[in-house]
Amino acid sequence: MLLASTATSIDGDLYTWITELAQRSPAALDSAVRVWSDYGLALFALLMLVSWWRSRSTGPARTAMALGTPLVVVAAYIVNDLVKSAFHEQRPCQTLHVLTVEACPALGDWSFPSNHAAIAAAAAMAIWLTDRRLGAIAVPAALLMAASRVWIGVHYPHDVLIGLVTGALVAWPLTIAARRCAPAVVRLRESPLRPLVANR
């Protein structure tokens, strides 16, 4: 109860204002935001594939970073989920009982920090470090993913903010560290698996 009160006091008013705005918005907008929030992570998977494909024309370090991106995202999810399990913050829609675009998750489906935001931020950071052009798509997409989670009512603003920070902070050093796997990529380029790491 104390944790719920603390979470509400941080940005409960902002959360309520956003969810009320969503209720007053056109149904088409709410539907679009809901679809993005529920399925938008698929865009990051697609961007990871494109990043890998484009990296085959670059040096082995970039290729190693691109190949490591899925593992980086998994690591960020695990770290974020450990934090979530430690805090046990109830969803704001359970605590504040407001009307929301998305059905409120059940009790015990913890809110802080947002896994969606952490996954999106980790993918965006790794993609941006690997390929700036794709990163220019991934970074704003991650911010939109975080915002959508508040809009549909399943997270407080601070949930998505900390999720973004957690995902980015985990992804940055791990993606940089992936450069050390460049010698393995060089060896692969001299093997029958060359098409996976080089375009010619």
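Refer to the structure printed above.
Described below are features of the structure shown in this document. Treat the numbers as computed from the prediction; the structure is a model and nothing was measured.

Further remarks concern helix α3 (residues 41-55). Between the first and last C-alpha of α3 there are 21 Å, a value that for 15 residues agrees with the 21 Å anticipated at 1.5 Å per step. Burial in α3 covers these residues: Phe44, Leu47, Met48, Ser51, Trp52 and Ser55. For α3, the angular spread of the buried residues around the axis is 140°, confining them to a single face. In α3, the exposed positions that point more than 90 degrees away from the buried face belong to Leu49 and Trp53.

Attention now moves to the nonpolar core. Within the largest apolar cluster, 20 residues are counted, with the highest numbers of intra-cluster contacts made by Phe44, Val73, Ile127 and Ala138. Secondary structure elements with two or more residues in this core: α3, α4 (60-87), α6 (115-130), α7 (132-151) and α8 (157-177). The leading source of residues in this core is α6, at seven residues. When near neighbours in sequence (up to four residues on either side) are disregarded, Val73 contacts Met48, Ile119, Ala122 and Ala123. If you look at the next biggest cluster of nonpolar residues, it comprises 16 residues, including Tyr15, Ala121, Ala146 and Ile152.

A cis amide bond links Phe112 with the next residue in sequence, Pro113, at an omega value of -15°. In this fold, Pro113 is placed in the loop between α5 (92-95) and α6. Of note, His88 is a non-glycine position whose phi angle comes to about 55°, a positive value. By secondary structure assignment, the location of His88 is in the loop between α4 and α5.

It is at 7 Å that the axes of α6 and α7 come closest, and there the two elements cross at 170°. Taken together, α6 and α7 sit at an angle that is classed as roughly antiparallel. Residues His116, Ala117, Ala120, Ala121, Ala124, Ile127, Trp128, Leu129 and Thr130 of α6 pack against Arg132, Leu134, Gly135, Ala138, Val139, Ala142, Met145, Ala146 and Arg149 of α7. In the contact of α6 with α7, the residues fall into 13 nonpolar, three polar and two charged.

Rules used in this analysis
- Residues numbered from 1 in each chain as written.
- Predicted model: local features only at pLDDT ≥ 70, side-chain atom pairs only at ≥ 80, totals over all residues.
- Heavy atoms only, no water.
- Helix = DSSP H or I, 4+ residues; strand = E, 2+ residues; numbered from the N terminus.
- Expected span 1.5 Å × (residues − 1).
- Buried < 20%, exposed > 50% of the residue type's maximum accessible area, 1.4 Å probe, protein only.
- Arc of directions from axis to C-beta.
- Core = buried A, V, L, I, M, F, W, Y, C linked by side-chain atoms within 4.5 Å.
- Contact = heavy atoms within 4.5 Å.
- Axes fitted to C-alpha atoms, helices over the stretch in contact; angles between N-to-C directions.
- Parallel < 35°, antiparallel > 145°, perpendicular 65-115°, else oblique.
- Nonpolar A, V, L, I, M, F, W, Y, C, P; charged D, E, K, R; others polar.

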